[in-house]
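If you want the building blocks of each chain, they are given just below.
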Amino acid sequence: MASVVLGALVFAGSRAVGPLPALGAFLEPAHGVWALARTSEMPRDASAAIRGLSAPVRVEYDDRAVPHIFAASEDDAYRALGYVVARDRMFQLYIQTLAATGRLTEVAGARALELDREMRRLGLPRSAEREQAALPATDGAARVAAAYAEGVNAWIESMPASALPLEFRLLGTRPERWSAINSLHLQNRMGYTLAYLSLEGDRMAAAAVVGEAAADALFPDDSPLQEPLQPTGGREPRENFHPLPPPGAPDSASALASAMLDALMPSQRLARAATDADGEPRWQASNNWAVAPRRSASGHALLAGDPHLELTLPSIWYEAHLVVPGTLDVYGVTIPGAPGIVIGFNRDVAWTFTNTGADVLDLYAEQVDDVAHPARYRLDGAWRPLERRSERYLGKHGETLATDTTYYTHRGPMRRAGERWLSMRWTVLEGTGREVTAFRDGAHARSAREFEEAMGASYAAPAQNMLAADRGGHIAIRSTGRFPVRPAPGDGGHVRDGRTSASDWTSSLAVSGYPQSFDPAQGFLASANQQPADPRTTTTWMGGVYDPWRALRINTLLRADSALTPDAMRRMQRDPGSARADLFVPYFLNAARRLAHPGDTLAEAARLLAEWDRRYTLDNQRAVLFEAAMRELAERTWDELRASRGTGARAATPSTAVLAELLADSASVWWDDRATPRRETRDEIVAAALVAALRATRERYGAPDAGGWRWNRIRKANVSHLLRLSALSALGIPVQGGPGTLSPSSGSGNFGPSWRMVVELGDEPRAWATYPGGQSGNPVSARYRDRLPVWTEGRLEPVRLPRAAGALGAAQRSALLRLEPAR
């Protein structure tokens, strides 16, 4: 959670798996898909036994297939949650565990070897093992995870052969017993998805071409546009613009370090390669906001949650309701494998998350005794032994595909990059395993402040912007997690000298120093992956990768409406307006006004762009021209970042926020095109980009008004099956929104709104929600993708919140499951 507390826990795709077996055997009447069809839906009345239950548990499935779990104790509630999640999402539980522990080769063979190596070389499985060893069995987090595991295993043990999910049959394997440590593996994998961010990569790649001073300005610590989640009291966003220093001489040391980083962090290199040509990241993004009662039509606090993650079938989310009379009553979504409700609400408080994006990872250049076979590393003038760990990768039949040795310093995993070794310190690897406790305690909160305090006490990684609203009318937000305090100069944007302990983190930021706000004077709070605090209001360096555009738009909408309704909040989640387009379009039009001649291509391009209302609606026919112009503008502006004149890929692409900063400086040398003998001006570059965009768009999509420019024909969402099987996926879904909007559609369409929720905190909470997919992971089930039409149309469905067992009427209940203690 671009995006919430979660990650894209998907399989690498069918290319990694290799050829799948023919489906003929699965079409036989006695088994195969026919058996899947027989077991795809929950019987109207069913029962099962679970070892460890202290009393019977009643599970009532409503008409949206949401299980409402009524139990006598919390441990029993989490046992039942494990059972129902396993029944609906068994393959998802299995494959995400293999991905998190670096064991995909066991089903995919050697093609998945590098994916598995990435997980193990990062130390993620080792970290989970250390967390589990440090947790006493009596700890609340350990007890909850153990109870959840008992429920998962109860389904595995009782599952009839006919209920074996299709994916297991295709891969020729069966589910293995679930261990409580798998929940820790899941948490670490979330950290990999949401917090494995390094400023060092982009900066060094750029410095290798244009020098350090220019690289630091192109990839700054602080966003050029400030609309922080911690309100400053201002009524408008702040432009944090500075003149960019000119390109300098290539830095050879940075070139070497950049090559080392690419070797050390291949996924970071791939992330840079996956960035749109105009600098927009093609990955997840999330939004949330809350309004105080005085700004809502009903006089109650409202909250909207909208985490954007990878879109998969089945969804990353599973909806559930847990009730223990007098103790617990919590509704929302969990991630299969996480023993608790991650985003949701109880009778008093609602909460949601967005990703903080702070830099919580540092790299250190280490000195070792032997480059080829190190046994020791140098620290403060003395040699220290390296921790060594053997990693064995198994194939489909248990054969050994490869064996590696991984090394660890006191900071964390160490890897070789060329003739050098780099170690990494990362908060995700230093967790306590008590995030489960945070979610459990948060579910008991009775106010927004209680919720924030509960999460702050136990939650460490990945860092999240936690937003809450309560029935008393209070709203609160806090960037929560562990934020390292570095030694002077205090930033983590460069590789540090590993030979001295003076380079190590000195402490962690105190909770009181986290970016936060409680009942601000403006009456609303919002986060959308922007910089959490304006650097003018804090001395704490948090660094990170930030996106200002959606926060600018959300705050504009919230400032303009002092009588918000739940439906207005829902419409905001699909708002097609764009602060990014509002800033850039006038520059294109002004440049054309100054340079165009009647009837020329520039004049035509400007006329077409001026027809656009700057909204990414499904039927608009001009957003495609603007997006082409943005790509062309980046292409012409950042030519200095190419390793050689006019050729090769850019070392890195600055964000569009930095490009906006440059636009404010019409005299900057960055506007000059190095490939020409004369010096170009800003308006000449901007105009040339618009002309090139019209030509490219016409060539690709035809005449402007022939229908080929319609946005719904160009940007689409792809909700893919975990094995990337197209027949089991929902592909090519037209979606409203574009880069910089509240629903930013990625170029590939694989990321988007993964769970949309609006909650009104009145005397009785009311909530509306949906996600793309369905509760069941069984492709034959009617519940596999039944929510897709609602999600595609931008509608939210009212959720049911019964207080007690039996409160759902017959028309509202689709099935009943009775769980009994096993004898």
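This structure is a prediction, so every number in the text was calculated from the model and none was measured. Here the residue numbers are simple positions, counted from 1 along each chain's written sequence. Where local features are concerned, this predicted model is filtered to residues with pLDDT of at least 70; where side-chain atom pairs are given and counted, the filter is 80 or more; whole-chain, interface and lining totals use all residues. Excluding hydrogens and water, the side-chain values take into account all heavy atoms of the structure.

K.L.:
What exactly am I supposed to notice about the nonpolar core here?
P.N.:
One recurring pattern in soluble globular proteins is that nonpolar side chains are buried together. Grouping buried Ala, Val, Leu, Ile, Met, Phe, Trp, Tyr and Cys residues that are joined through side-chain atoms within 4.5 Å yields what is termed a nonpolar core. A 1.4 Å probe rolled over the protein chains alone gives each residue an accessible area, and that area as a share of the maximum for its type sets the label: buried under 20%, exposed over 50%, partly exposed in between. Counting residues in hydrophobic clusters, the biggest one holds 120 residues, and the most contacted among them are Trp317, Leu322 and Leu819. In terms of residues, this core owes the most to one element, helix H3 (residues 74-101), which gives 15 residues. With 57 residues, the next largest nonpolar core counts Phe219, Ala579, Ala592 and Ala605 among its residues. Secondary structure elements are defined from DSSP: runs of H or I of at least 4 residues count as helices, runs of E of at least 2 residues count as strands, and each element is numbered from the N terminus.

K.L.:
How do you make sense of the pairing of strand E18 (residues 400-408) when you look at a structure like this?
P.N.:
Note on strand geometry: in a regular strand, side chains alternate between the two faces of the sheet. The rule for pairing is simple: two strands pair if DSSP sees at least two bridges between them. Bridge count between strand E17 (residues 387-394) and E18: eight bridges; the pairing is antiparallel. Of the residues in E18, the one forming a bridge with tyrosine 393 is alanine 402. Hairpin connection from E17 to E18: five residues lie between these consecutive antiparallel strands, with glycine 398 at a positive phi of about 85 degrees.

K.L.:
What should I look at first to understand the sheet that holds strand E9 (residues 312-313) in this one?
P.N.:
Strand pairing in a sheet relies on backbone hydrogen bonds. The paired strands run either parallel or antiparallel. Read across the open sheet, the three strands follow the order E9-E30-E31; overall the sheet is mixed. Of all the strands in the sheet, the pair left with one neighbour each is E9 and strand E31 (730-734). Bridge count for strand E30 (residues 716-721) against E31 is three bridges, and the pairing is antiparallel. Residue pairing for E31: alanine 717 is matched across the bridge by isoleucine 733.

K.L.:
What's the story with the pairing of strand E34 (residues 765-770) in this structure? I'm lost.
P.N.:
Most of E34 sits inside the fold, with five of its six residues counted as buried. Bridge count between strand E33 (residues 756-761) and E34: six bridges; the pairing is antiparallel. Along E34, the bridge assignment pairs valine 759 with alanine 767. As defined by bridge partners, E34 adjoins strand E35 (residues 797-798) across two bridges and the pair is classed as antiparallel. By the bridge assignment for E35, tryptophan 768 is matched with proline 798.

K.L.:
Explain the packing of helix H18 (residues 579-595) against helix H21 (residues 656-663) here, please?
P.N.:
Geometrically, a packed helix pair is captured by the angle between its two axes and the distance between the axes. For helices, the fitted axis covers only the stretch in contact; all axes are lines through C-alpha atoms, and the angles between them, taken along N-to-C directions, range from 0 to 180 degrees. At their nearest, the axes of H18 and H21 sit 11 Å apart, and the two run at 35 degrees to each other. Considering how the two elements wind past one another, H18 and H21 form a crossing that is left-handed. Contact with H18, carried on its side by Arg580, Leu583, Phe584 and Tyr587, involves Thr656, Leu659, Ala660 and Leu663 of H21 and no other residues of that element. Residue composition of the contact of H18 with H21, by class: six nonpolar, one polar and one charged. With the far helix as reference, a near helix turned anticlockwise by less than a right angle produces a left-handed crossing, and one turned clockwise produces a right-handed crossing. Contact definition: two residues touch when any of their heavy atoms are within 4.5 Å. Under the grouping applied here, Gly and all other residues not named as nonpolar or charged are polar, the nonpolar ones being Ala, Val, Leu, Ile, Met, Phe, Trp, Tyr, Cys and Pro and the charged ones Asp, Glu, Lys and Arg.

K.L.:
It is not clear to me how the pattern of salt bridges should be interpreted in this structure. Could you clarify?
P.N.:
Working definition: two side chains of opposite charge can pair if their charged atoms are close together. Basic side-chain nitrogens of Lys or Arg form a salt bridge, by our definition, when they fall within 4 Å of a carboxyl oxygen of Asp or Glu. Taken as a whole and judged by the stated rule, the model has 64 salt bridges. We note a salt bridge from arginine 103 to glutamate 176, for which the minimum N-O separation is 3.0 Å. Of the two residues, arginine 103 is situated in the loop between H3 and helix H4 (105-108) and glutamate 176 in the loop between helix H8 (166-171) and helix H9 (181-195); the sequence distance between them amounts to 73 residues. Residue arginine 103 is classed as buried on the basis of its relative accessible area, which comes to 19%. Between aspartate 369 and arginine 376 there is a salt bridge, with the nearest N and O atoms lying 3.4 Å from each other. Exposure remark for aspartate 369: the relative accessible area of 32% places this residue in the partly exposed category. Connected via shared salt-bridge partners are Arg64, Glu319, Arg787 and Glu797.

K.L.:
What is the right way to read the packing of aromatic side chains from this model?
P.N.:
For any pair of aromatic rings, the description rests on two quantities: the centre-to-centre distance and the angle between the ring planes. Only rings of Phe, Tyr and Trp enter the pairing, Trp through its six-membered ring, and a pair is recorded when the two centres are within 6.5 Å. The plane angle decides the type: under 30 degrees is stacked, over 60 is edge-to-face, the rest tilted. The full count for this structure, using the stated rule, is 19 aromatic pairs. Seen in terms of ring centroids, tyrosine 331 and phenylalanine 345 are 5.4 Å apart; in terms of plane orientation they differ by 25 degrees. Their pairing is stacked. Of the two residues, tyrosine 331 is situated in strand E11 (residues 328-334) and phenylalanine 345 in strand E12 (residues 343-345); the sequence distance between them amounts to 14 residues. Both residues of the pair, tyrosine 331 and phenylalanine 345, belong to the buried class. Only lysine NZ and arginine CZ atoms are considered, and such an atom sits over a ring when it is within 6 Å of the ring centre and within 35 degrees of the ring normal. Above the plane of the ring of tyrosine 408 lies arginine 126, whose end atom (NZ or CZ) is 3.8 Å from the centre. A cation over a ring is seen here: arginine 449 above phenylalanine 518, with NZ or CZ 3.7 Å from the ring centre.

K.L.:
How do you make sense of helix H5 (residues 113-121) when you look at a structure like this?
P.N.:
Side chains of residues three or four places apart in an α-helix project in the same direction, reflecting 3.6 residues per turn. Listed in full, the buried residues belonging to H5 are Leu113, Asp116, Arg117, Glu118, Met119 and Arg120. Residue glycine 123 follows H5 closely and has a positive phi angle near 85 degrees.

K.L.:
Would you mind going over H9 with me for this structure?
P.N.:
Expected helix span is taken as 1.5 Å per residue step, with the number of steps being one fewer than the number of residues. Under the 1.5 Å per step criterion, the end-to-end length of H9 is 21 Å for 15 residues, consistent within 8% with the ideal 21 Å. Counting buried positions along H9 gives 15 out of 15 residues, so the element sits mostly inside the fold.

K.L.:
Would you explain the sheet that holds E17 in this entry?
P.N.:
An order of E17-E18-E19-E20-E14-E24 is seen for the six strands of this open sheet, with the pairing classed as mixed. Looking at the sheet topology across the chains shown, the edges are occupied by E17 and strand E24 (496-497). Across two bridges, the pairing between strand E14 (residues 361-366) and E24 is parallel. Bridge pairing links tyrosine 364 to arginine 496 in E24. Seen against the sheet, H5 touches E17, E18 and strand E19 (413-417) and runs at an angle of roughly 25 degrees to E18.

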